[in-house]
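Read off the chains here:
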Amino acid sequence: MKFFAHRPFGLLAPALLIAVAGCSSADDSATVAVPSPDAKTAKVCRELHRVLPRKLDGRSRNDPEPRSAYTAGWGNPAIILRCGVVRPPKMVDPKVAKGDDPDAIAGGVNGVDWLMEKQGDGTWRFTTAGRVAYVQIALPKGMSAQEEGTAVLTDLAAAVKKAIPEGIASMRG
């Protein structure tokens, strides 16, 4: 049976354009949940936002929606920073401290300590440790924690050290 034998392609093209337009987005910026930090944490997060680099691992700044002093992004797909997040449960998990959790590793880059966690979808998330606010970095799919992750954390270290003092973060964020 020749279904298209008697149908002009001129009618098919508008239908395809409508279908494709419905699946695409004119806005390439990511959407993220904005943290709700307490007043003390909010102050240092706003300072961090002010001193963040314009480029991160060669990627230009591309902040997510909704715009906030507690979030930032670089590239497309975006590397996402959120400041004032709650403490990740694995931050106090004894298995992580002993090195017995294959999906969570503690370490430091240029004077900033981080908890590195592999997420269920295969992406990586890093959260600062030993600072008065938790700063979280989420890498998009396909980015390596070892290569790109280290470069990202290296590029962020100076800003984190400048804006987020060492200390104990509020458990709330």
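Structure report, in brief. (Residues numbered from 1 in each chain as written. Predicted model: local features only at pLDDT ≥ 70, side-chain atom pairs only at ≥ 80, totals over all residues. Heavy atoms only, no water.)

With that settled, consider the environment of valine 152. Here valine 152 shows up in helix H4 (residues 148-163). Those residues in contact with valine 152 that lie beyond four places of it in its chain are Leu56, Asp57, Ile79, Ile137, Leu139 and Met143. (Helix = DSSP H or I, 4+ residues; strand = E, 2+ residues; numbered from the N terminus. Contact = heavy atoms within 4.5 Å.)

Attention now goes to H4. Taking 1.5 Å of rise per residue, the 16 residues of H4 would be expected to cover 22 Å, and the 23 Å separating its terminal C-alpha atoms lies within 8% of that figure. The largest bend in H4 amounts to roughly 40° and is located at leucine 156. For H4, the set of buried residues is Gly149, Val152, Leu153, Leu156, Ala157, Ala159, Val160 and Ala163. (Expected span 1.5 Å × (residues − 1). Bend = angle between axes of the 7 residues up to and from the residue. Buried < 20%, exposed > 50% of the residue type's maximum accessible area, 1.4 Å probe, protein only.)

Closest axis-to-axis distance for the helix H2 (residues 39-51)/H4 pair is 9 Å, and the angle between their directions is 145°. Pair H2 / H4 crosses with right-handed handedness. Across the interface between the two elements, Val44, Glu47, Leu48 and Val51 of H2 pack against Ala159, Val160, Lys162 and Ala163 of H4. Counted by class, the contact of H2 with H4 contains 6 nonpolar, no polar and 2 charged residues. (Axes fitted to C-alpha atoms, helices over the stretch in contact; angles between N-to-C directions. Left-handed = near helix turned anticlockwise from the far one by under 90°. Nonpolar A, V, L, I, M, F, W, Y, C, P; charged D, E, K, R; others polar.)

Another point: the nonpolar core. Ranked by internal contacts, the top residues of the largest apolar core, which has 34 residues, are Leu48, Leu81, Phe126, Ile137 and Ile164. Within the residue set of this core, elements represented by two or more residues are H2, strand E3 (71-74), strand E4 (79-83), strand E6 (112-118), strand E7 (124-129), strand E8 (135-138) and H4. Looking at this core, the element that brings in the most residues is H4, giving 7 residues. (Core = buried A, V, L, I, M, F, W, Y, C linked by side-chain atoms within 4.5 Å.)

Here the structure, examined in full by the defined rule, presents 1 disulfide. Residue pairing for cysteine 45: its cysteine sulfur links by disulfide to cysteine 83, the two sulfurs lying 2.0 Å apart. Of note, the bridge from cysteine 45 to cysteine 83 carries an S-S torsion of about -75° and is left-handed in sense. Within this pair, whereas cysteine 45 is found in helix H2, its partner cysteine 83 is found in strand E4, the two being separated by 38 residues in sequence. Overall, the relative accessible area of 1% leaves cysteine 45 in the buried class. (Disulfide = S-S within 2.5 Å.)

Here we take up H2. The α-helix advances 3.6 residues per turn, and as a result positions three or four apart in sequence lie on the same side. Over its 13 residues, H2 extends 19 Å from the first C-alpha to the last, a length consistent with the 18 Å expected when each residue adds 1.5 Å. Of all the positions in H2, only Thr41, Ala42, Val44, Cys45, Leu48 and Val51 are classed as buried. Its buried side turned inward, H2 meets E4, E8 and H4. The backbone nitrogen of lysine 40 has a side-chain oxygen 3.3 Å away, supplied by the residue at the start of H2, namely aspartate 38. (Polar contact = N/O pair within 3.5 Å; in protein donor to acceptor, adjacent residues only side chain to side chain.)

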